[in-house]
Amino acid sequence: MRVLDKISGIINLLVENVVAILMGLMTVVVFLQVLFRITSGSLPWSEEIARYMMIFMVYMGASVGVKNNNHIAVEFVVGLLPKRGRAAAEVIADILMLVCFAIIIYFGLKVVKVTMMQKSPVLRVKMGYVYMSLVAGGILMCLQTIVNLVHSFAALITGDSSLDVAEEPSIISSGLEKIDKSSGEAKCADRAAGDPEASDEKKGGKE
């Protein structure tokens, strides 16, 4: 199981880095598009390449959500079950997810074969390469779901609803935590600045 976790962590780290690079490149391309529209004229290729980077970023980033269990889930009914019942529900959910991802990969490959004859209007890129994002995202999500399924089976055997696996914080999640923390501190500072009486009371209490 440790080997699976290590492989899953390496794949997840690579995907996070690729997604971060795509997001940075997409931001630069969109900024250049806006800048050229204001100055000399629009870049004909910028819209297409930004769209294609967004598509790959979404499907690859979805596997990060599967790895960290960040996708939306309704847990009200499952939370009412005993530990083994919750573990069994996790196993069933993981199996259904595997079936769903397998369908995405299967039909994604069919779409890729059909669209290899088509080319994009501006970049003249084969659209099959763009639809390959379906297959790549499906494979990555399948790999992460298999790891989750192994943990769910182990949880079912031990009687726990989930296993405590030590994971390093992801690049995206740690960045969001920093943003939330900084925004919270900014709100506190704004309240203190807008309410001088409250700050005077705090000073008086300390004295």
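As the structure is a prediction and not an experimental result, all values here were calculated from the model.

Rules used throughout
Residues numbered from 1 in each chain as written. Predicted model: local features only at pLDDT ≥ 70, side-chain atom pairs only at ≥ 80, totals over all residues. Heavy atoms only, no water. Axes fitted to C-alpha atoms, helices over the stretch in contact; angles between N-to-C directions. Helix = DSSP H or I, 4+ residues; strand = E, 2+ residues; numbered from the N terminus. Left-handed = near helix turned anticlockwise from the far one by under 90°. Contact = heavy atoms within 4.5 Å. Phe/Tyr/Trp six-rings, centres within 6.5 Å; stacked < 30°, edge-to-face > 60°. Buried < 20%, exposed > 50% of the residue type's maximum accessible area, 1.4 Å probe, protein only. Expected span 1.5 Å × (residues − 1). Salt bridge = Lys/Arg side-chain N within 4 Å of Asp/Glu carboxyl O. Lys, Arg positive; Asp, Glu negative; His and termini not counted. Parallel < 35°, antiparallel > 145°, perpendicular 65-115°, else oblique. Nonpolar A, V, L, I, M, F, W, Y, C, P; charged D, E, K, R; others polar.

Participant: When you look at the packing of helix 1 (residues 2-39) against helix 5 (residues 127-158) in this model, what are you seeing that I'm missing?
Facilitator: Geometry of a packed helix pair, given as the angle between the helix axes and the separation of the axes. Where helix 1 contacts helix 5, the two axes come as close as 10 Å, and the packing angle between them is 150 degrees. Pair helix 1 / helix 5 crosses with left-handed handedness. Packed against helix 1, whose contacting residues are L4, D5, S8, I11, N12 and V15, the element helix 5 presents L140, L143, Q144, V147, V150 and H151 at the interface.

Participant: Even after reading the chapter, I still don't get the packing of aromatic side chains, so can you show me in this structure?
Facilitator: Each aromatic ring pair is characterised by the separation of its centres together with the angle its planes make. Tallying each qualifying case throughout the model produces one aromatic pair. Centroid distance Y106 to F107: 5.1 Å. Interplanar angle 85 degrees. Geometry classified as edge-to-face. For F107, a relative accessible area of 47% puts it in the partly exposed group.

Participant: Can you help me understand unusual backbone geometry in this one?
Facilitator: Glycine aside, residues mostly have negative phi angles, and peptide bonds mostly take the trans form. With a phi close to 55 degrees, N69 is a non-glycine residue in the positive phi region. Along the chain, N69 turns up in the loop between helix 2 (46-68) and helix 3 (76-79). Look at N69 and you get exposed, because its relative accessible area is 62%. Of note, R124 is a non-glycine position whose phi angle comes to about 60 degrees, a positive value. Mapped onto the secondary structure, R124 falls in the loop between helix 4 (83-115) and helix 5.

Participant: When you look at helix 4 in this model, what are you seeing that I'm missing?
Facilitator: Side chains that are three or four residues apart share a direction in an α-helix, a result of its 3.6 residues per turn. A rise of 1.5 Å per residue sets the reference length of helix 4, with its 33 residues, at 48 Å; its end C-alpha atoms lie 47 Å apart and thus fit the reference within 8%. Contacts made by the buried residues of helix 4 are with helix 2, helix 3 and helix 5.

Participant: Teacher, can you tell me more about the pattern of salt bridges here?
Facilitator: Working definition: two side chains of opposite charge can pair if their charged atoms are close together. Considering all chains together, one arrives at one salt bridge under this definition. In this structure, E47 and R51 form a salt bridge, with 3.4 Å as the shortest nitrogen-oxygen distance. Residue E47 and its partner R51 are located together in helix 2, separated by four residues, close to a single helical turn. What makes E47 exposed here is its relative accessible area of 52%.

Participant: Sorry if this is basic, but what is going on with the side chain of E48 here?
Facilitator: Mapped onto the elements of the fold, E48 is located in helix 2. Salt bridges are absent for the buried E48, whose nearest opposite-charge side chain, R51, sits at 5.3 Å. The contact partners of E48, leaving out residues within four places of it in the chain, are S120, P121, V122 and L123.

Participant: What is the right way to look at the packing of helix 2 against helix 5 in this model?
Facilitator: Put simply, helix 2 and helix 5 touch, their axes get as near as 8 Å, and they point 5 degrees apart. In terms of orientation, helix 2 and helix 5 fall into the roughly parallel class. Counting all contacts with helix 2, which are made through Y52, I55, F56, Y59, M60, A62, S63, V66 and K67, the residues of helix 5 involved are M127, Y129, V130, M132, S133, L134, G137, L140, M141, Q144, T145 and N148. Tallied by class, residues from the contact of helix 2 with helix 5 come to 14 nonpolar, six polar and one charged.

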